[in-house]
Amino acid sequence: MNNEMLWVLMAIAGYLLGAIPFGIVVSKAMGLPDPRTVGSKNVGFTNVLRVSGKKAGILTLIGDMGKGWVMGFAATQMLQQEWMILLVALAPFLGHLFSPFLGFKGGKGVATALGSVLGVEPAIGFLLLLAWVGAVAMWRYSSGGALTAFGLFPLIASLARPTVEFVLFSAIISGLIVLKHKGNIERLWNGTESKIGQKKP
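Residues numbered from 1 in each chain as written. Predicted model: local features only at pLDDT ≥ 70, side-chain atom pairs only at ≥ 80, totals over all residues. Heavy atoms only, no water.

Student: Go over the overall build of the protein, please, and point to the residues and values.
Tutor: Helix and strand counts for the protein come out as 10 helices and 0 strands. Walking the protein from its N terminus toward its C terminus, one meets helices and strands in the order α-α-α-α-α-α-α-α-α-α. Over its C-alpha trace the protein gives a radius of gyration of 16 Å, about what one expects of a compact globule, namely 17 Å for 201 residues. Along the first, second and third principal axes, the C-alpha set of the protein runs to 50 × 35 × 25 Å. Taken across its 201 residues, the protein has 48% of its residues classed as buried. In the protein, 62% of the contacts between residues at least 6 apart in sequence involve partners at least 24 apart. When the accessible area of the protein is evaluated, it comes to approximately 9,700 Å², of which 70% is carbon and sulfur surface. (Helix = DSSP H or I, 4+ residues; strand = E, 2+ residues; numbered from the N terminus. Rg over C-alpha atoms; globule rule 2.2 N^0.38 Å. Buried < 20%, exposed > 50% of the residue type's maximum accessible area, 1.4 Å probe, protein only. Contact = heavy atoms within 4.5 Å. Areas by Shrake-Rupley, 256 points an atom, 1.4 Å probe, with all protein chains shown as cover.)

Here's what the structure looks like:
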């Protein structure tokens, strides 16, 4: 199989893997409420953690990060050209945001994006993870942690891996995450955003 065909197949596989809503899968498997019907109605880690507890939240986080990491890492092992690697790493993130299993809706993509970056560039992924965890520990806002980490991503990319392809990769991911957090940004500004550990009515 030639390289061009391989990256296309990997990108399609990555998109479909990314489209699996682990928050819903975990919740149904554990007999818990569908996250689309409770709390913020988001399918991601934070909402599952808030409404269904730590075990379900952690399993959702592992699933969502894992699907990004698997495709990012596989791409670095099987492909040579940077733009092909990064498109494959981007695919599960896009699948998570625009899942065909959920009517082309989805989560906010933070965990999947972190997994993809960790798979492609572990050192940068680890820095983003530290920024996310550090900001959450300081302010207890999951959205604040995500916006901090991915607000820094293009800057870190331009310093640590300043290729056009990787900086563009970072800008696309960060831009989409900011757009997905529009409502959170408004609530943070108004002081009404829910904190980690705070039950959502």
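Student: With reference to specific residues and values, describe the packing of aromatic side chains.
Tutor: Overall, the coordinates contain 6 aromatic pairs when judged by the stated rule. When the centroid spacing of 6.3 Å and the interplanar angle of 85 degrees are considered together, the rings of Phe 153 and Phe 169 count as edge-to-face. Pair noted here: Phe 153 is in helix H8 (residues 142-160) and Phe 169 is in helix H9 (residues 164-180), with a separation of 16 residues, a long-range link. The exposure classification of Phe 153 matches that of Phe 169, with both residues buried. A connected cluster of aromatic rings, assembled from ring pairs, spans Phe 150, Phe 153, Phe 166 and Phe 169. (Phe/Tyr/Trp six-rings, centres within 6.5 Å; stacked < 30°, edge-to-face > 60°.)

Student: Requested: an account of the pattern of salt bridges, with residues and values cited.
Tutor: The final tally for this structure, using the stated rule, is 5 salt bridges. For Asp 64, the salt bridge goes to Lys 67, with nearest N and O atoms at 3.3 Å. In this pair, Asp 64 and Lys 67 are both assigned in helix H4 (residues 54-78), 3 residues apart and thus about one turn of the helix distant. For the pair Asp 64 and Lys 67, one class covers both residues: buried. Between Arg 161 and Glu 121 there is a salt bridge, and its shortest N-O distance comes to 2.8 Å. One end of the pair, Arg 161, is in the loop between H8 and H9; the other, Glu 121, is in the loop between helix H6 (110-120) and helix H7 (122-139), with 40 residues separating them in the sequence. Given a relative accessible area of 18%, Arg 161 falls into the buried group. On the accessibility criterion, Glu 121 (22% relative accessible area) is partly exposed. (Salt bridge = Lys/Arg side-chain N within 4 Å of Asp/Glu carboxyl O.)

Student: Could you give me a rundown of H7, with the residues and numbers involved?
Tutor: In this model H7 runs 25 Å from its N-terminal to its C-terminal C-alpha over 18 residues, within 8% of the 26 Å that 1.5 Å per residue would give. For H7, the set of buried residues is Ile 124, Gly 125, Leu 128, Ala 131, Trp 132, Ala 135 and Val 136. Projected down its long axis, H7 shows its buried positions confined to an angular sector of 120 degrees, all on one face. Residues of H7 that are exposed and point more than 90 degrees away from the buried face comprise Ala 123, Ala 137 and Met 138. In this structure, the buried side of H7 is in contact with H4, H6, H8 and H9. Within two residues after H7, Arg 140 carries a phi angle of roughly 65 degrees, on the positive side. (Expected span 1.5 Å × (residues − 1). Arc of directions from axis to C-beta.)

Student: Go over a nonpolar patch on the surface with me, naming the residues and quoting the values.
Tutor: A cluster of nonpolar side chains, Val 8, Ile 12, Leu 16 and Phe 101, forms an exposed patch at the surface whose accessible area comes to about 350 Å². Mapped onto the fold, Ile 12 is located in helix H1 (residues 3-18). Since its relative accessible area comes to 46%, Ile 12 is described here as partly exposed. (Patch = residues over 30% accessible without salt bridge, like charges linked within 9 Å, V, L, I, M, F, W, Y side chains within 5 Å.)

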